[in-house]
Amino acid sequence: MSATFKIKINAIRTGNVGDLPQVIRKVEFTVQGTENSQTFELPQTVDLSEPEASSFKPLSEVTESDVVNWVEANFANMEAVKLHIQTVLDREVAKAALEE
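Residues numbered from 1 in each chain as written. Predicted model: local features only at pLDDT ≥ 70, side-chain atom pairs only at ≥ 80, totals over all residues. Heavy atoms only, no water.

**Notes on the overall build of the protein**
Along the protein, the regular secondary structure elements total 2 helices and 3 strands. The C-alpha atoms of the protein give a radius of gyration of 17 Å, which is well past the 13 Å a tight globule of 100 residues would have. Counting all 100 residues of the protein, 32% fall into the buried class. Within the protein, residue pairs in contact and separated by at least 24 positions form 57% of the contacts whose partners lie at least 6 positions apart. Just so you have it, the protein exposes about 6,500 Å², and 48% of that area is on carbon and sulfur atoms. (Helix = DSSP H or I, 4+ residues; strand = E, 2+ residues; numbered from the N terminus. Rg over C-alpha atoms; globule rule 2.2 N^0.38 Å. Buried < 20%, exposed > 50% of the residue type's maximum accessible area, 1.4 Å probe, protein only. Contact = heavy atoms within 4.5 Å. Areas by Shrake-Rupley, 256 points an atom, 1.4 Å probe, with all protein chains shown as cover.)

**Some remarks on the sheet that holds strand 3 (residues 38-47)**
With antiparallel pairing, the 3 strands of this open sheet are ordered in space as 1-2-3. The open sheet is flanked by strand 1 (4-17) and strand 3, the only strands paired with a single partner. The sheet shows a mean angle of 20 degrees between the axes of neighbouring strands, direction not considered. Contacting strand 1, strand 2 (20-35) and strand 3, helix 2 (residues 78-99) runs over the sheet at an angle of about 165 degrees to strand 3. (Pairing = 2+ DSSP bridges. Axes fitted to C-alpha atoms, helices over the stretch in contact; angles between N-to-C directions.)

**Some details on the side chain of D66**
For D66, the position within the fold is in helix 1 (residues 64-74). Filtering out sequence-adjacent residues up to four positions away, D66 remains in contact with K57 and E61.

What follows is the structure in structure tokens.
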């Protein structure tokens, strides 16, 4: 089977970049995988690239969905993290099946 994955935002770190105030520079997040009532999470951190002035979104207008999209676009190790989570879940699902 295959796990379903969710990204949960834990914290964001901001800083000024040129004339742009409160630019999101770093995101702390957790990748959560779930399969057959088994769950495994791995906390991660990603540094975001500097935004273009033309596409900058003020912090007050940023949604959680925006941040998740930026994490997915900037975190180079996402596939490896998901693969690790899937491996752990495969073991946990098999272990739970033996205990039934």
